[in-house]
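Listed below are the residues making up each chain.
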2 protein chains.
Amino acid sequence: MERKDIDIKDTWDLSTIYNSHEAFYQDLEKTKSLINDLITFKGKICNSIDSFYNFLTTKDTVERLMNKLYCYAHLNCDVEPKNQEYQTMMATIMGVLEASSVQISFVDNEIIEAKDKVLEYLKDPKLEKYTYKINSLLSYEAHILPKEQEELLAKVESIADTSSQVFNALRLEYEDVEEDGKLKTLNNATLNQFLKNKDEKVRKQAYTNFFKEYQRYENVFAQTLAGVMKKDAFYADVRKFNSALEASVFDDDVPSELFFKVLESANVKYRHLFHRYNRLKKELLKKDVIYNYDLNIPLVSSINKKYTIDQCFEIINECLRPFGQDYLDIINKARNERWIDYYPTPGKRIGAYSSGSYDTNPFILMNFIGDYNSLSTMIHELGHSVHSYLSNHHQDAVNANYRIFVAEVASTVNETLLINYMIKNAKNDQEKAYFIYEQLENCVGLIFRQPMFADFEYKLHTMAENNEPLSSKVITDLYARLNQEYYGKDVTMDELVGWSCYYVPHFYYDYYVYKYTLGMTVALAIVNRILKGNQQQVTDYLNFLKSGGSKAPVELLKQAGVDPLDDQIYEDAFKYFEELLNQFETIKKNA
Amino acid sequence: MERKDIDIKDTWDLSTIYNSHEAFYQDLEKTKSLINDLITFKGKICNSIDSFYNFLTTKDTVERLMNKLYCYAHLNCDVEPKNQEYQTMMATIMGVLEASSVQISFVDNEIIEAKDKVLEYLKDPKLEKYTYKINSLLSYEAHILPKEQEELLAKVESIADTSSQVFNALRLEYEDVEEDGKLKTLNNATLNQFLKNKDEKVRKQAYTNFFKEYQRYENVFAQTLAGVMKKDAFYADVRKFNSALEASVFDDDVPSELFFKVLESANVKYRHLFHRYNRLKKELLKKDVIYNYDLNIPLVSSINKKYTIDQCFEIINECLRPFGQDYLDIINKARNERWIDYYPTPGKRIGAYSSGSYDTNPFILMNFIGDYNSLSTMIHELGHSVHSYLSNHHQDAVNANYRIFVAEVASTVNETLLINYMIKNAKNDQEKAYFIYEQLENCVGLIFRQPMFADFEYKLHTMAENNEPLSSKVITDLYARLNQEYYGKDVTMDELVGWSCYYVPHFYYDYYVYKYTLGMTVALAIVNRILKGNQQQVTDYLNFLKSGGSKAPVELLKQAGVDPLDDQIYEDAFKYFEELLNQFETIKKNA
């Protein structure tokens, strides 16, 4: 369906950001002028508490404006990539962002140099809201370079993002797949459907047609993936971190222990559970050999439930009832005020996200097709949106923006409440088995597959840090080997498996994926207590959502009642998987 | 034909570089060890004249070794891209090059800081050969940054080339073209054949199928093209040049006046001649409207002459006789010692080049198919090879390497001697018209089209320098407009013309294309005098070839008898075009 044929109420309303292009360009001019104001503070930021305060508030205003401008441009580009007017807006705001980063590259140095004075200033009540942000900046002392080098480094930004930009701009097209004698379109959205087909030929053809395109352009993807690894290594090196990982966890204000905890749990302690699950699949499919493209064949005959958007909202309201009416009101606002762009249209960005800024609604991009996955994605993204909404309404702009780290908790809690609701309300054993199976697959993605991604990414980063050549052969060989190790000997890997890494956008996000595993682990702990009727947990959790990014992630999570450094929560998460697996095996073997 | 089926005498002999892989790796180890030696000079380079001299000679040895290693790896990769052993050699030497650039980033600072001492040292006869090189380095004083920033900048190199690397890795595939009822393969090599087809449908389809692929991936190409412009702007900015153009001409040691002279000649003073040529084409084709994809329709029926390799050498010997036996001996050495890899084979790099190092023969890669174009390419590349051979045999390593600037003179002089020979020796009016037409088309490429490229590139660079957004719309609109202006109102531009800029690799080479125009202009002046029997011009020219890169390009060209800053040579070049055009018009109108 073309975009113009979609019912307007099922598209997002970006006119609430700017109701005309002129309004966008007016704010752009205002931003440029305020950036010039900021520059006049050079050498004077910390001269007096008033100067310091005025500077910070002006900088807040600039950041809010830039975020709003960026939000408008990028949301529009994502649904209408061929509209060159939006591309121009995007390029313009990116240019302003890059330029301003150079123009005000003096700021961090000035504040760090005046450390003692600044700590004094922070005692003033009107500066209280800057406590966490400024203290974070001051802790950067060992990694900040002399002014002239900081200025040089700020200029590097203009050329550092080419790899990600090219990766995002490169949309492939795929050969059709023959299903029931008819040629059908293969794309990101239909691939998973084909992989569920009972006919091995269809699965194999879909898998092959899809990933051979990544093989065809392997040298491009290898360049962009190697490029982003080299970029991370470059920044870690010049900022005097021992590795890109250390730089990443420092930025996130978490200990690197967390990363290795995730890797070790999935890789050493509990991987046997994943192998057991794959062995069970092979058994239930009654096959001598199963390939990796067979792993999506439904082990439970599909219940083929379809959900309209309205039905989705009914279920979502039901699941999230424990959070109280205030939370539900925001969910319904999302529908009524058109925060969501539901349906796939030609050229629209694939996947789903929630995105926005302090001065806009949170917006959700989806590719809704009405299956359980669409429902689950919707409740997931609404988790992010409500988090943003609460955070924006309870925190000053400077503290509202939360890190991915805590973000994935808000979405995964919702997703977990949904699946528990579906399992609990299943009409019969088949439906129950279906949803248990859904959750098993979901867990596989979050607690086994994402750690494998993290392991891959860690190895690529390490190679880049050691100046080892990252050719497509090196990359695809590594990815094929890791897949075989993680999935275990009962799964035979297709010869294209190595190239499937080129499909994953997250490798461009610098140690992002392990945060999904953490989010899931923490979410399971929270949901477990909420479902036991723990009202304190509900209150703590809602306060956590309202806290935005006002503290270090570990502190925020502890406030929500969970310590991410506690081994117990990992044990509980994998035990949860094991129990689901036991239940599933029992139902299937008794069927 | 597969590579193994080619007669060995028609392939290049790379065993003259290394006769075993062990020999390559031995030199690699030697290089690494010498780089470690270089590092020990840190802080001491200019302590004494002996230290300075020892450092420079060690550095020369390292550079010669690295050039030889790179030469062996890249020539082998270009004919056998799938051989992983050569790919590994290539990745390894590139790694050593990048690392060494960071490891010895202190060198330029140390020498410039010790300027007065260094100027004293240079008076010593044993250092005489370093005069030009070291003075060039000293003149860089205003653009060199403090040591720590130079080190940071050296590290940036590892991430600065992503745009070019992606562009080189992105190979498109095109829909077939229907010709005489049959579907035929469209690619870089066949496009020009289709555009010569008498059937408008074939031309239009070929043009459309080709450039619509560039339109499909326009956002990728816009990112890489904008990326390289931003990179040039970045380096110009941090090195305190007013623009990327100033940085480029500074590196080339020529005045920026030269660039604008080229632009103004082609753009303002003589563009009417190009418009006249296009008007004549329209007239001769007897069409009301001619499109840009009609411009390759042959105006003279092809003479279909085919040449064997041996016949090519006979003609080449004939044309280059004015240079004397010594020059011809080198030409024949190229054949007998197997410097040349003639035939196209699967996977072999397209196009043609001459490449080598101080310690190897010059080598020529071609895709010889036996037509006039193959002959012309051969004499062109031999021009480069003889230039390298003479330069390597008459100059120290430090002065042998010449710039593109003078390189294109050596090749274009040869090409021009060939076409003049062909015109002069034409058997009849049709053959004469054929070769005049060939030369007209050649001139269009070099003295009109390359300046248009230069103009486009200048405008893109300027936008990047001003932080203006370079979206695909901005880029393609600009390119379409420039084409219309350059080609004139008698040519109607196809709607895809804007996207055809994405096909041109030279935009990734930082102000490269205007050097073609200069080379042609200078070459015409030289050939003109040689053909008038000016023996002094021959001697001056051969001395110029022997001078390699021992002086500034303008000095070298003046030594060859031509001042590139003299308006007269531009006037003569365009007059030459006008005379050819007159001759051509007369023949065609009398036919």
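Here is what the cut-offs are and how they apply
Residues numbered from 1 in each chain as written. Chains lettered and ligands numbered in written order. Predicted model: local features only at pLDDT ≥ 70, side-chain atom pairs only at ≥ 80, totals over all residues. Heavy atoms only, no water. Helix = DSSP H or I, 4+ residues; strand = E, 2+ residues; numbered from the N terminus. Buried < 20%, exposed > 50% of the residue type's maximum accessible area, 1.4 Å probe, protein only. Contact = heavy atoms within 4.5 Å. Areas by Shrake-Rupley, 256 points an atom, 1.4 Å probe, with all protein chains shown as cover. Lys, Arg positive; Asp, Glu negative; His and termini not counted. Charge placed at Lys NZ, Arg CZ, Asp CG, Glu CD. Axes fitted to C-alpha atoms, helices over the stretch in contact; angles between N-to-C directions. Parallel < 35°, antiparallel > 145°, perpendicular 65-115°, else oblique. Left-handed = near helix turned anticlockwise from the far one by under 90°. Nonpolar A, V, L, I, M, F, W, Y, C, P; charged D, E, K, R; others polar. Pairing = 2+ DSSP bridges. Buried area = accessible area lost by both parts, 1.4 Å probe. Salt bridge = Lys/Arg side-chain N within 4 Å of Asp/Glu carboxyl O. Least-squares fit on C-alpha atoms with pLDDT ≥ 70 in both. pLDDT = per-residue confidence, 0-100. UniProt positions renumbered as here; feature names shortened; annotations may be inferred. Disulfide = S-S within 2.5 Å. Phe/Tyr/Trp six-rings, centres within 6.5 Å; stacked < 30°, edge-to-face > 60°. Lys NZ or Arg CZ within 6 Å of the ring centre and 35° of its normal. Expected span 1.5 Å × (residues − 1). Polar contact = N/O pair within 3.5 Å; in protein donor to acceptor, adjacent residues only side chain to side chain.

### As for the overall build of chain A
- Of the regular secondary structure elements, chain A holds 25 helices and seven strands.
- Projecting the C-alpha coordinates of chain A onto the three principal axes gives extents of approximately 75 × 55 × 50 Å.
- In chain A, buried positions account for 57% of the 591 residues.
- Within chain A, contacts between residues at least 6 apart in sequence are counted, and of these 77% link residues at least 24 apart.
- In the form shown here, chain A has an accessible surface area of approximately 24,400 Å², with 47% of it arising from carbon and sulfur atoms.
- For chain A, the distance from the average position of its 68 positive side-chain charges to the average position of its 87 negative side-chain charges is 3 Å.

### Things to note about the packing of helix α7 (residues 147-160) of chain A against helix α11 (residues 218-238) of chain B
- Between α7(A) and α11(B), the least distance of the axes is 8 Å, while the angle of their chain directions is 165°. Our classification of the angle between α7(A) and α11(B) gives roughly antiparallel. The crossing of α7(A) and α11(B) is right-handed. Residue-level contacts link L152(A), K155(A), V156(A), S158(A) and I159(A) of α7(A) to K230(B), K231(B), F234(B), D237(B) and V238(B) of α11(B).
- For the contact of α7(A) with α11(B), the residue count by class is five nonpolar, one polar and four charged.

### Quick word on the sheet that holds strand β4 (residues 340-341) of chain A
All names here are of chain A.
- With mixed pairing, three strands are arranged side by side in an open sheet as β4-β6-β5. Among the strands making up the open sheet, the edge pair consists of β4 and β5 (353-355).
- Two strands pair when backbone bridges link them, and β4 and strand β6 (residues 363-365) are joined in this way by two bridges, in the parallel orientation. Counted as the bridge partner of D341 is L365 from β6.
- Contacting β4, β5 and β6, helix α2 (residues 49-79) runs over the sheet at an angle of about 150° to β5.

### Concerning the environment of T412(B)
All names here are of chain B.
- Counting through the fold element by element, T412 comes out in helix α19 (residues 404-424).
- As for T412 and M520, which are separated by 108 residues in sequence, their C-alpha atoms are 6.0 Å apart.
- If we skip the residues at most four places from it in the chain, T412 touches G519, M520 and A523.

### Focus: the interface of chain B and chain A
- With 38 residues of chain B at the contact, the number on the chain A side is 39 residues.
- Around 3,600 Å² of area is buried between chain B and chain A when both sides are counted, 64% of it from carbon and sulfur atoms.
- For the chain B face of the interface with chain A, the top three residues by lost area are L152(B), I159(B) and Y217(B), together amounting to 16%.
- The residue K155(B) makes a salt bridge to D237(A) at a minimum N-O spacing of 3.2 Å.

### Brief notes about the environment of V96(B)
Residue and element names in this part refer to chain B.
- Relative to the helices and strands, V96 resides in helix α3 (residues 84-103).
- Judged by its relative accessible area of 10%, V96 is buried.
- Residues V96 and M66 lie 30 residues apart in sequence; the distance between their C-alpha atoms is 8.6 Å.
- Among all residues touching V96, those that are not within four sequence positions of it are L28, K32, I35 and M66.

### Thoughts on the relation of the copies chain B and chain A
- With an axial shift of 0.1 Å and an RMSD of 0.9 Å, the rotation relating chain B to chain A amounts to 177°. As the rotation angle and translation indicate, the two copies are arranged about a two-fold axis.
- Both copies contact each other with a shared surface, as 84% of the interface residues of chain B are interface residues in chain A too.

### Overview of the confidence of the model for chain A
- Here chain A shows a mean pLDDT of 94. Residues at 70 or above account for 100%.
- For this predicted complex, the interface confidence score (ipTM) comes to 0.87, while the overall pTM stands at 0.89.

### A look at the UniProt feature "domain: Oligopeptidase F N-terminal" (unreviewed entry) in chain A
- The UniProt feature table records "domain: Oligopeptidase F N-terminal" (unreviewed entry) at residues 115-170 of chain A.
- As annotated, residues 115-170 of chain A comprises 66% helix and 0% strand, and the C-alpha atoms at either end are separated by 45 Å.

### Topic: the sheet that holds strand β5 (residues 353-355) of chain B
All names here are of chain B.
- Strand order in this open sheet of three strands is β4-β6-β5, and the pairing throughout is mixed. For this open sheet the edge positions go to β4 (340-341) and β5, each flanked by a neighbour on one side alone.
- Sitting on the sheet, helix α17 (residues 372-394) is in contact with β4, β5 and β6 (363-365), with an inclination near 15° to β5.

### Overview of the state of the cysteines
Residues and elements named next belong to chain A.
- In the structure shown here, the tally under the stated rule is zero disulfides over all chains.
- Distance from the sulfur of C71, which forms no disulfide, to the nearest cysteine sulfur (C77) is 12 Å.
- Between C443, a cysteine without a disulfide, and C319, which holds the nearest cysteine sulfur, the sulfur-to-sulfur distance is 16 Å.
- Of the residues examined, C443 reaches a relative accessible area of 1% and is grouped as buried.

### Quick notes on the UniProt feature "domain: Peptidase M3A/M3B catalytic" (unreviewed entry) in chain A
- Mapped onto this structure's residue numbering, the UniProt feature "domain: Peptidase M3A/M3B catalytic" (unreviewed entry) falls at residues 194-574 of chain A.
- Split by type, residues 194-574 of chain A is 65% helix and 3% strand. Its first and last C-alpha atoms lie 30 Å apart.

### Side note on the packing of aromatic side chains
Residue and element names in this part refer to chain A.
- Tallying each qualifying case throughout the model produces 108 aromatic pairs over all chains.
- Seen in terms of ring centroids, F52 and Y121 are 5.5 Å apart; in terms of plane orientation they differ by 40°. Their pairing is tilted. On the criterion of sequence distance, the pair formed by F52 in helix α2 and Y121 in helix α5 (residues 115-121) is long-range, its members being 69 residues apart. This pair shows no difference in class: F52 is buried, exactly as Y121 is.
- Within the aromatic cluster, the residues linked to one another by ring pairs are F167, Y174, Y207, F210, F211, Y214, F221, Y291, Y293, Y502, Y503 and Y508.
- In this arrangement the basic side chain of K126 is found over the ring face of Y53, its NZ or CZ atom lying 4.7 Å from the centre.

### A word on helix α7 (residues 147-160) of chain B
- Between its first and last C-alpha atoms α7(B) spans 20 Å; for 14 residues at 1.5 Å apiece the expected length is 20 Å, and the two agree.
- Taken as a whole, α7(B) has its buried residues at Q149(B), E150(B), L152(B), L153(B), A154(B), K155(B), V156(B), I159(B) and A160(B).
- For α7(B), the elements touching its buried residues are α7 and α11 (218-238) of chain A together with α3, α4 (107-113), α8 (162-169) and α11 of chain B.

### Quick look at the environment of K32(A)
- Mapped onto the fold, K32(A) is located in helix α1 (residues 21-39).
- Linking K32(A) and V96(A), residues 64 residues apart in sequence, is a C-alpha distance of 7.6 Å.

### Quick notes on the packing of helix α17 (residues 372-394) of chain A against helix α19 (residues 404-424) of chain A
All names here are of chain A.
- Where α17 meets α19, the closest approach of the two axes is 8 Å, and the angle between their N-to-C directions is 140°. It follows from the interaxial angle that α17 and α19 lie oblique. Where α17 crosses over α19, the handedness of that crossing is right-handed. Across the interface between the two elements, Y372, L375, S376, I379, H380, L382, G383, H384 and H387 from α17 touch V406, A407, E408, A410, S411, N414, E415, L418, I419 and M422 from α19.
- The residue makeup of the contact of α17 with α19, split by class, is ten nonpolar, seven polar and two charged.

### Observations concerning the side chain of K348(B)
Residue and element names in this part refer to chain B.
- In this structure, K348 sits in the loop between β4 and β5.
- Residue K348 is classed as buried on the basis of its relative accessible area, which comes to 6%.
- At a separation of 2.8 Å, a polar atom in the side chain of K348 contacts the side chain of D341.
- The residues touching K348, leaving out its near neighbours within four places in the chain, are D78, V79, D341, Y342, Y343, L365, M366 and N367.

### Topic: the pattern of salt bridges
- In this structure the tally under the stated criterion is 88 salt bridges over all chains.
- Taking the shortest distance from any N to any O, the salt bridge between D13(A) and R338(A) comes out at 3.9 Å. Taken together, the residues span a long stretch of sequence, with D13(A) in the segment before α1 and R338(A) in the loop between α16 (325-336) and β4 at a distance of 325 residues.
- Residues R203(B) and D294(B) are paired through a salt bridge, measuring 2.7 Å at the closest nitrogen-oxygen approach. A residue pair is termed long-range when its members are at least 10 positions apart, and R203(B) in helix α10 (residues 200-216) and D294(B) in the loop between β3 (290-291) and α15 (309-319) qualify at 91 residues. Here R203(B) and D294(B) have matching classes, each one buried.

### Brief notes about helix α25 (residues 567-590) of chain B
Residue and element names in this part refer to chain B.
- The end-to-end C-alpha distance of α25 is 35 Å, a good match for the 34 Å that 24 residues give at a rise of 1.5 Å each.
- Turning to α25, its buried residues are I569, Y570, A573, F574, Y576, F577, L580, L581, F584 and I587.
- Considering only its buried residues, α25 is in contact with α13 (257-269), α14 (271-284), α19, α20 (429-465) and α22 (514-531).
- Two or three places before Q568, at the start of α25, stands the capping residue D566, its side-chain oxygen 2.9 Å from that residue's backbone nitrogen.

### Re the side chain of T88(A)
- The residue T88(A) is located in helix α3 (residues 84-103) in this model.
- Within the local environment of T88(A), its side chain forms a polar contact with the backbone oxygen of Q84(A), the two atoms lying 2.7 Å apart.
- Ignoring sequence-local partners within four residues, the contact set of T88(A) consists of P469(B) and S471(B).

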